[in-house]
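# Residue-level structure breakdown
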Amino acid sequence: MQKLERRDKVNYYLDLAEVVSQRCTCLRKHYGAVIVKNDEVISTGYVGAPRGRENCSDLGYCLRSKLGIPRGERYELCRSVHAEANAIISASRGDMIGATLYLVGKEVSTGAYVENTVCCSMCKRLVINAGIAQVVCRDDREHYRVIDVAEWVKDDESLRGVLGY
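The structure reproduced in this document is the subject of the present report. Computed from a predicted structure; not experimentally measured.

So, on to the pairing of strand 1 (residues 29-37). Burial analysis of strand 1 places 7 of its 9 residues in the buried class, the great majority of the element. As paired elements, strand 1 and strand 3 (residues 100-107) share 8 bridges and run antiparallel to each other. Looking across to strand 3, one finds that Val-36 is bridged to Thr-100. In this sheet, strand 2 (residues 40-46) lies alongside strand 1 in antiparallel orientation, the contact comprising 6 bridges. Pairing of Ile-35 across the sheet is with Ser-43, part of strand 2. Counting the residues that bridge the hairpin from strand 1 to strand 2 gives 2 residues, and of these Asn-38 lies at a positive phi of roughly 50 degrees.

Taken in spatial order, the 5 strands of this open sheet run 2-1-3-4-5, and their pairing is mixed. At either end of the open sheet lies a strand with only one pairing partner, and these are strand 2 and strand 5 (144-148). Going across the sheet, the axis of each strand differs from the next one's by a mean of 20 degrees, ignoring polarity.

The rules behind these values
Residues numbered from 1 in each chain as written. Predicted model: local features only at pLDDT ≥ 70, side-chain atom pairs only at ≥ 80, totals over all residues. Heavy atoms only, no water. Buried < 20%, exposed > 50% of the residue type's maximum accessible area, 1.4 Å probe, protein only. Helix = DSSP H or I, 4+ residues; strand = E, 2+ residues; numbered from the N terminus. Pairing = 2+ DSSP bridges. Axes fitted to C-alpha atoms, helices over the stretch in contact; angles between N-to-C directions.

Following this line, the structure appears as structure tokens:
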């Protein structure tokens, strides 16, 4: 009898996040997030406009693309709620304390994994306040990075650069 190769748990949860990302309505990048605690999925989230508002995929354009805004800048102009935020909104804080958030991003134009995927500065704040302990970001089908959220707290970039730090 041939031994069945099981997917390791980290990539299993990342695979779930990747499937969740298929619900995205963003025209630039598809992100999926899954929050897990004690081997139980607490919640999921994907990129999309707030409930009741039109999605970029419905409108047929992305304002940030139209304006030529690069990745990581001017998120206040984006119509969408990020995957991490949607996952956090859908879970209770008690369930998220000490949990892990799995995050996968893919380029809509190429289907490639987003290079150096990580939470934006706004989502980092949400992850910290939710009590999530670590974030796992997929680099490719088999490889990922584990980020200790406590490092985000220690490395408070909020005033650096603004005040000449």
